[in-house]
Amino acid sequence: MNELIEKISNDPILMLSAAVGIVVILFVVLVVIIATMRVKTYKDRFINTAIDNKEKQKRIGELEYELQRYQMDNAQQAQLLRQFDETKERLSETHDVLLQTQKELARTQSSLAQVEGKLEQTQQMYISLQGEHAVLKEHLEALQDENNKLRVNNARLLMKLETGERLSAHMEQRRRTGLSGEDESGES
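Residues numbered from 1 in each chain as written. Predicted model: local features only at pLDDT ≥ 70, side-chain atom pairs only at ≥ 80, totals over all residues. Heavy atoms only, no water.

1. Considerations on the overall build of the chain
The secondary structure content of the chain amounts to two helices and zero strands. Taking 188 residues into account, the globule formula puts the C-alpha radius of gyration at 16 Å, and the chain, at 74 Å, lies well above it. A burial count over the chain gives 0% of its 188 residues as buried. Per element, the accessible surface of the chain, about 17700 Å² overall, is 60% carbon and sulfur. Within the chain, one finds 25 positive and 30 negative side-chain charges whose respective centroids are separated by 8 Å. (Helix = DSSP H or I, 4+ residues; strand = E, 2+ residues; numbered from the N terminus. Rg over C-alpha atoms; globule rule 2.2 N^0.38 Å. Buried < 20%, exposed > 50% of the residue type's maximum accessible area, 1.4 Å probe, protein only. Areas by Shrake-Rupley, 256 points an atom, 1.4 Å probe, with all protein chains shown as cover. Lys, Arg positive; Asp, Glu negative; His and termini not counted. Charge placed at Lys NZ, Arg CZ, Asp CG, Glu CD.)

Laid out in structure tokens, this is it:
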């Protein structure tokens, strides 16, 4: 090897060729080292990226699961909200009906109070009219008794009058018959 080094050092073209060869070899070695480093860096990056991707995939899976859970919860909450809105509407309608019913109840109670007042007045009038009816009934009975007595008296007086008229008519007839008998006997 020493001989080769001496031969190369004596010949400038060989020296230049050796220097160029060494430079080319150094360049190739450098390129190989750089490529190896880059490959190693890219390999590390790829491994890191693969690990990151796995972690991200796992995280994406968890997030998708949470998203689905939230979507289901959201759907349930939306349904509950719709039910709440429906319940709120029914409550509002029921409240309106309650207010109307309360107004009707107030009117009905007012009417009831008036009717009760009128009923009490009517009952008082009925009681007083019953009292008056009893008094008038007694008075009617008394009047009927008196009327019956007066009829009986009238019948008796009428009978006496008729008897008196018959008697006076009979006497008048007798007197006429007596006078007409005297007239006939005086003329003859």
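2. With respect to the environment of Lys7
As for its position among the elements, Lys7 is in helix 1 (residues 2-10). Judged by its relative accessible area of 57%, Lys7 falls in the exposed class. Remark: the alpha-carbon pair of Lys7 and Ile51, spanning 44 residues in sequence, is separated by 57 Å.

3. Considering a nonpolar patch on the surface
A surface patch of nonpolar side chains, about 620 Å² in accessible area, is lined by Leu16, Val20, Val24, Phe27, Val28, Val31 and Val32. Inspection of the secondary structure puts Leu16 in helix 2 (residues 12-187). (Patch = residues over 30% accessible without salt bridge, like charges linked within 9 Å, V, L, I, M, F, W, Y side chains within 5 Å. Salt bridge = Lys/Arg side-chain N within 4 Å of Asp/Glu carboxyl O.)

4. A word on the pattern of salt bridges
One pass over the structure, following the stated rule, counts three salt bridges. Two residues, Arg59 and Glu62, come together in a salt bridge whose shortest N-O distance is 3.5 Å. Of this pair, Arg59 and Glu62 are both found in helix 2, three residues apart, which corresponds to roughly one turn of the helix. The exposure class of Arg59 is partly exposed, given its relative accessible area of 43%. Accessibility expressed as a relative area gives 36% for Glu62, which makes it partly exposed. Glu172 serves as the salt-bridge partner of Arg175, at 2.7 Å between the closest nitrogen and oxygen. Within this pair, Arg175 and its partner Glu172 are both found in helix 2, separated by three residues, close to a single helical turn.

5. Points about the packing of aromatic side chains
For any pair of aromatic rings, the description consists of the separation of the ring centres together with the inter-plane angle of the planes. Evaluation of the coordinates by the stated rule reveals zero aromatic pairs. In this arrangement the basic side chain of Arg69 is found over the ring face of Tyr70, its NZ or CZ atom lying 5.5 Å from the centre. (Phe/Tyr/Trp six-rings, centres within 6.5 Å; stacked < 30°, edge-to-face > 60°. Lys NZ or Arg CZ within 6 Å of the ring centre and 35° of its normal.)

6. With respect to a negative patch on the surface
On the surface, Asp85, Glu86, Glu89, Glu93 and Asp96 cluster together into a negatively charged patch. Residue placement: Glu89 occurs in helix 2.

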